[in-house]
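Geometric and topological summary
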Amino acid sequence: LLQRWSTYQNRLSDVTKLRSFNNALEGHDYDLEHGVRMFINRGTSRVDLHLGNAIFGIHPHQTVLRNNLAGDILTSAKNDLELATYKYGILFLTGNLDLLVPAAKTEEFLNDFYYSGRPVYFEEINQQWMFHGVVHGYKKSAQNLTSIVLINCGHLIFADCGYQGREAVVQFVAQYQ
């Protein structure tokens with residue numbers, strides 16, 4: 001898996017001349033290691049993410065956690081997510097500039113998502129998603145499953161579009177209160 005990922009990165013880098021694939025408009029990595037490390041190492045985050053005593057690190061030499069994560073989290077969690085839609089609301093929040101998990105790939109995944117609202121979701125047309133009276137993305141939703149693609153956001157939505165990302169989550173959670 002890591003070899004396939006490395007080959008993909010090299011090919012994409014050759015074509016695009018980018019060093020990072022978090023955001024198609026930014027050719028460099030985010031400098032988030034300190035902030036991410038602080039978040040992950042909080043006791044509540046470690047419990048919520050089921051990290052146990054694993055050490056989180058972004059760099060390749062810090063592989064304890066990386067080696068225990070599923071290679072394709074969407075595929076490996078698909079059955080659990082499908083079952084969760086019967087009881088919980090599920091939000092997929094994607095940036096249209098994300099080259100790591102492109103919005104089109106998420107939509108392809110959701111079109112193959114089997115749950116009670118599938119016929120409605122499959123026929124649903126993307127609606128404009130507004131924030132402060134301005135279109136900041138597109139939303140598709142049916143029976144506990146919502147997908148929002150934010151415009152001009154990359155892989156790390158809260159680094160690129162913090163206010164819009166927060167508002168998308170707030171609006172989603174408000175539906176279930």
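Structural data are supplied above this passage.
Here is what the cut-offs are and how they apply
Residues numbered from 1 in each chain as written. Predicted model: local features only at pLDDT ≥ 70, side-chain atom pairs only at ≥ 80, totals over all residues. Heavy atoms only, no water. Salt bridge = Lys/Arg side-chain N within 4 Å of Asp/Glu carboxyl O. Helix = DSSP H or I, 4+ residues; strand = E, 2+ residues; numbered from the N terminus. Buried < 20%, exposed > 50% of the residue type's maximum accessible area, 1.4 Å probe, protein only. Disulfide = S-S within 2.5 Å. Patch = residues over 30% accessible without salt bridge, like charges linked within 9 Å, V, L, I, M, F, W, Y side chains within 5 Å. Areas by Shrake-Rupley, 256 points an atom, 1.4 Å probe, with all protein chains shown as cover. Expected span 1.5 Å × (residues − 1). Arc of directions from axis to C-beta. Pairing = 2+ DSSP bridges.

1. As for the pattern of salt bridges
Within this structure, the stated rule accounts for three salt bridges. Note that Glu 82 is salt-bridged to Lys 78, the shortest N-O span being 2.8 Å. On the criterion of helical spacing, the pair formed by Glu 82 and Lys 78 is a turn pair, its members being four residues apart in helix α4 (residues 73–84). Accessibility classification places Glu 82 together with Lys 78 in one group, the buried group. The shortest N-O distance in the salt bridge between Glu 108 and Lys 105 comes to 3.4 Å.

2. Some remarks on the state of the cysteines
Going through the model one piece at a time under the given rule, you end up with one disulfide. Paired through a disulfide, Cys 153 and Cys 161 show a sulfur-sulfur distance of 1.9 Å. Across the S-S bond of Cys 153 and Cys 161 the torsion is about -120 degrees, and the bridge reads as left-handed. For the pair Cys 153 and Cys 161, a shared accessibility class is recorded, and that class is buried.

3. Concerning a nonpolar patch on the surface
Side chains of Phe 158, Val 169 and Val 173 sit close together on the surface and give an oily, nonpolar patch of about 250 Å² of accessible area. Examined against the element boundaries, Val 173 turns out to sit in helix α8 (residues 162–174). Take Val 173: its relative accessible area is 38%, and that puts it in the partly exposed class.

4. Brief notes about α8
The end-to-end C-alpha distance of α8, which contains 13 residues, comes to 18 Å, matching closely the 18 Å that a straight helix rising 1.5 Å per residue would cover. Looking only at α8, the buried set comprises Gln 164, Gly 165, Ala 168 and Phe 172. For α8, the buried positions fall inside an angular range of 100 degrees around the axis, keeping them on one side. Facing away from the buried surface of α8 by more than 90 degrees, the exposed residues are Tyr 163 and Arg 166.

5. Remarks on the pairing of strand β2 (residues 127–131)
Pairing geometry for β2 and strand β3 (residues 134–142), over five bridges, is antiparallel. Counted as the bridge partner of Gln 127 is Lys 139 from β3. Between β2 and β3, which pair antiparallel one after the other, the connecting turn spans two residues, and His 132 there sits at a positive phi close to 55 degrees.

6. Focus: helix α5 (residues 103–111)
Residue pairs spaced three or four apart in an α-helix point in one direction, given the helix's 3.6 residues per turn. Every buried residue of α5 is accounted for by Ala 103, Thr 106, Phe 109 and Leu 110. End-on view of α5: buried residues confined to an arc of 120 degrees, all on one side of the axis.

7. As for the pairing of strand β4 (residues 145–150)
Of all six residues in β4, five are buried; the element is thus mostly enclosed. Direction of pairing for strand β1 (residues 90–95) relative to β4: parallel, over a ladder of six bridges. Residue pairing in the sheet places Thr 94 in a bridge with Val 149 of β4. As defined by bridge partners, β3 adjoins β4 across six bridges and the pair is classed as antiparallel. Following the sheet pairing, Lys 139 is matched in β4 by Ile 148. In textbook terms, the turn of a hairpin is the stretch between consecutive antiparallel strands, and for β3 and β4 this stretch comprises two residues, one of which, Gln 143, has a positive phi near 40 degrees.

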